[in-house]
There are 2 protein chains.
Amino acid sequence: MARRQGSHSDITGPRVRAAALRLFARHGYAAVSMRQIAGEVGLGAGALYLYTPDKQTLLFSLMHDHMQELLEKLPAAAPDQDPRARLEAFARFHIRFHLDRPDLVFIAYMELRNLTPENFAVIEAMRRRYEARLEEILCAGELAGEFRIRDVKLTTMALIAMLTGVNTWFREGGRLDREGVEAIYRDLVLKAVGAE
Amino acid sequence: MARRQGSHSDITGPRVRAAALRLFARHGYAAVSMRQIAGEVGLGAGALYLYTPDKQTLLFSLMHDHMQELLEKLPAAAPDQDPRARLEAFARFHIRFHLDRPDLVFIAYMELRNLTPENFAVIEAMRRRYEARLEEILCAGELAGEFRIRDVKLTTMALIAMLTGVNTWFREGGRLDREGVEAIYRDLVLKAVGAE
DNA sequence: GTCTATAGACAGATAGAC
DNA sequence: GTCTATCTGTCTATAGAC
């Protein structure tokens, strides 16, 4: 497709989103102004509105696309597979996905309260679908006698909190590399469900 | 001490702090205006500055007092005691303390980035002192051969993330009461460190 | 101790030139 | 597609009356 020089909308759009993501993660949605975002991309403030109808939609769009990707890339449910293998795969996926997208993970959790009620309901429903997938794995393992779990719902929340916490302390180039982190978390998760 | 009628500074001060806490937790520091806080207490906006020099100090003061109380009430280190009992006590304390102060816990984590660098350093140091107490318990248990832990530092962070997560889902009057929650978390923690 | 008024900066969003 | 100018409203913090 020929495109005249100076038409950069298909590159500027992503740059606006990337700048918004970075700034929202760093300073928080409410503390970041449209002018700051525009400045980061090298635009005037008015030009931003070519790429988003308003600031709220910009935030929602980032969070929504993130949750959608999370649900799409999550290994498909395989009820016939070994629960222990499924749990290991879930933990490994969760860690990798989160370590690869620290800013998105951060705003998806921290900026929930800055969504309009309608937008919040959408994101919240997607988050519950994700949690349900882990809950189902724990249920299957419990039924198969492979796990010993006192409370499946609480354990689901506890494991997700534990795994997501990796983003609060992991720093690239630190004492542990990703494979090391994955292995230790896998170990913790398996022990917590009584699979070791 | 006699006090003339109409002088309410010693009751208004705490009410200002309570209102700020509630609003910061609900909407976020950056999204809450001094006018909102004043309105909640039934004051004009100007009167707030009798109780805090500025908005930032109000936030810092809430977080600082919270962290101080956390460190004060934490069961004293008892290196001669059984590591398993110490770990159980830590987990029970953490859960109770956090369930009793959901708003304070929430802002102490969510509003870190809205602190000035100097204030941030103070709070961060207090947080690390708290984490070090758990780390020391895990170390002692590992040395005594009571725990089997692959990485003490990572496990410290993982356990704290798991325990703190209770605030994201626990609701008074729900399916589980506090004692039930405490028991299940204790179980998860002990299994994760290989003490069961 | 609290109010009202206000200073001075900055917010989100829009209009129209180019 | 982007800029500049601007509308309209809000913000923190202060000053001075009572």
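Because the structure is predicted, anything quoted here is derived from the model rather than measured. (Residues numbered from 1 in each chain as written. Chains lettered and ligands numbered in written order. Predicted model: local features only at pLDDT ≥ 70, side-chain atom pairs only at ≥ 80, totals over all residues. Heavy atoms only, no water.)

Explanation requested: the packing of aromatic side chains in the structure shown.
Both the distance between ring centres and the angle between the ring planes are used here to describe each pair of aromatic rings. Residues and elements named next belong to chain A. Tallied over the entire structure, the rule returns 10 aromatic pairs over all chains. Summarising the aromatic geometry, the rings of Phe-93 and Phe-97 are spaced 5.4 Å apart at their centres and angled 40° between planes, so their arrangement reads as tilted. Of this pair, Phe-93 and Phe-97 both sit in helix α4 (residues 83–100), 4 residues apart, roughly one helical turn. Both residues of the pair, Phe-93 and Phe-97, count as buried. Three or more aromatic residues joined by ring pairs form one cluster here, namely Trp-169, Phe-170 and Tyr-185. (Phe/Tyr/Trp six-rings, centres within 6.5 Å; stacked < 30°, edge-to-face > 60°. Helix = DSSP H or I, 4+ residues; strand = E, 2+ residues; numbered from the N terminus. Buried < 20%, exposed > 50% of the residue type's maximum accessible area, 1.4 Å probe, protein only.)

Would you explain the pattern of salt bridges in this entry?
For side chains bearing opposite charge, pairing can occur when the charged atoms are close. Within the structure shown, the criterion is met by 32 salt bridges over all chains. Here Glu-111 of chain A and Arg-113 of chain B are joined by a salt bridge, their closest N and O atoms 2.9 Å apart. Of this pair, Glu-111 of chain A sits in the loop between α5 (102–110) and α6 (117–143) while Arg-113 of chain B sits in the loop between α5 (102–110) and α6 (117–143), which puts the two residues in different chains. A salt bridge links Glu-124 of chain B to Arg-127 of chain B, with the shortest nitrogen-to-oxygen separation between them at 2.5 Å. Of this pair, Glu-124 of chain B and Arg-127 of chain B both sit in helix α6, 3 residues apart, which is roughly one turn of the helix. Overall, Glu-124 of chain B belongs to the buried group, its relative accessible area being 14%. Residue Arg-127 of chain B is classed as partly exposed on the basis of its relative accessible area of 26%. Here the residues in one salt-bridge network are Glu-124, Arg-127, Arg-128 and Glu-131 of chain A, joined through shared partners. (Salt bridge = Lys/Arg side-chain N within 4 Å of Asp/Glu carboxyl O.)

So what exactly am I meant to see when it comes to the relation of the copies chain A and chain B here?
Each of the two chain copies can be brought onto the other by rotation about an axis and movement along it. Laying chain A over chain B is done by rotating through 180° and shifting 0.0 Å along the axis; what remains is an RMSD of 0.0 Å. Those values place the two copies in the arrangement expected of a two-fold rotation axis. (Least-squares fit on C-alpha atoms with pLDDT ≥ 70 in both.)

When you look at the domain arrangement of chain A in this model, what are you seeing that I'm missing?
Many authors give the size of an interface as the accessible area that is lost as the parts come together. Residues and elements named next belong to chain A. Taken domain by domain, chain A consists of domain 1 (9–52) and domain 2 (56–192). Taken together, the contacts link 10 residues of domain 1 with 13 residues of domain 2. Taken together, the two surfaces of domain 1 and domain 2 that pack against each other cover about 1100 Å², and 68% of this comes from carbon and sulfur. When the buried area of domain 1 at its contact with domain 2 is split by residue, Arg-17, Leu-21 and Tyr-29 rank highest and sum to 54% of it. At the boundary of domain 1 with domain 2, the tally comes to 1 salt bridge. Taken together, domain 1 and domain 2 are joined by 5 residue pairs in polar contact (both at pLDDT 80 or more). Looking at the side of domain 1 that touches domain 2, the element that brings in the most residues is helix α1 (residues 9–27), giving 6 residues. (Domains from an automatic or database assignment. Contact = heavy atoms within 4.5 Å. Buried area = accessible area lost by both parts, 1.4 Å probe. Polar contact = N/O pair within 3.5 Å; in protein donor to acceptor, adjacent residues only side chain to side chain.)

What am I meant to see in the packing of helix α4 (residues 83–100) of chain B against helix α7 (residues 152–164) of chain B here?
Any two packed helices are characterised by how steeply their axes cross, that is the angle between the axes, and by the distance between the axes. Residue and element names in this part refer to chain B. Where α4 meets α7, the closest approach of the two axes is 10 Å, and the angle between their N-to-C directions is 40°. In this view, α4 runs oblique relative to α7, as classed from their interaxial angle. The element α4 and its partner α7 pack so that their crossing is right-handed. Across from Ala-91, His-94, Ile-95 and His-98 in α4, the residues of α7 making contact are Ile-160, Leu-163 and Thr-164. Split by residue class, the contact of α4 with α7 holds 4 nonpolar, 3 polar and no charged. (Axes fitted to C-alpha atoms, helices over the stretch in contact; angles between N-to-C directions. Parallel < 35°, antiparallel > 145°, perpendicular 65-115°, else oblique. Left-handed = near helix turned anticlockwise from the far one by under 90°. Nonpolar A, V, L, I, M, F, W, Y, C, P; charged D, E, K, R; others polar.)

What is the right way to look at helix α9 (residues 178–192) of chain A in this model?
An α-helix turns once every 3.6 residues. As a result, residues three or four positions apart point the same way. Here α9 of chain A spans 21 Å end to end across 15 residues, near enough to the 21 Å set by a 1.5 Å rise per residue. Turning to α9 of chain A, the residues buried within the fold contact α4, α7 (152–164) and α8 (166–169) of chain A together with α7 and α9 (178–192) of chain B. (Expected span 1.5 Å × (residues − 1).)

Just to check I follow, could you spell out the confidence of the model for chain A for this structure?
Detailed reading of predicted coordinates is not advised where the pLDDT is low. Overall, the predicted model of chain A reaches an average pLDDT of 95, with 96% of residues at or above 70. Confidence drops under pLDDT 50 across residues 1–5 of chain A; counting only partners more than four residues distant or on other chains, this segment forms 1 contact. (pLDDT = per-residue confidence, 0-100.)

Please clarify how the protein's contact with DNA strand D should be interpreted in this entry.
DNA strand D sits among 20 residues. The nearest are Gly-44, Leu-50 and Tyr-51 of chain A together with Met-34 and Arg-35 of chain B. Here, DNA strand D places atoms within 4 Å of the protein, and 65% of those atoms are sugar or phosphate. Measuring from a phosphate oxygen of DNA strand D, one finds a side-chain N or O atom of Thr-12 of chain A at 3.4 Å. In the environment of DNA strand D, a phosphate oxygen lies 2.4 Å from a nitrogen or oxygen atom belonging to the backbone of Gly-44 of chain A. In the surface near DNA strand D, the residues fall into 7 nonpolar, 9 polar and 4 charged. (Near = heavy atom within 4 Å.)

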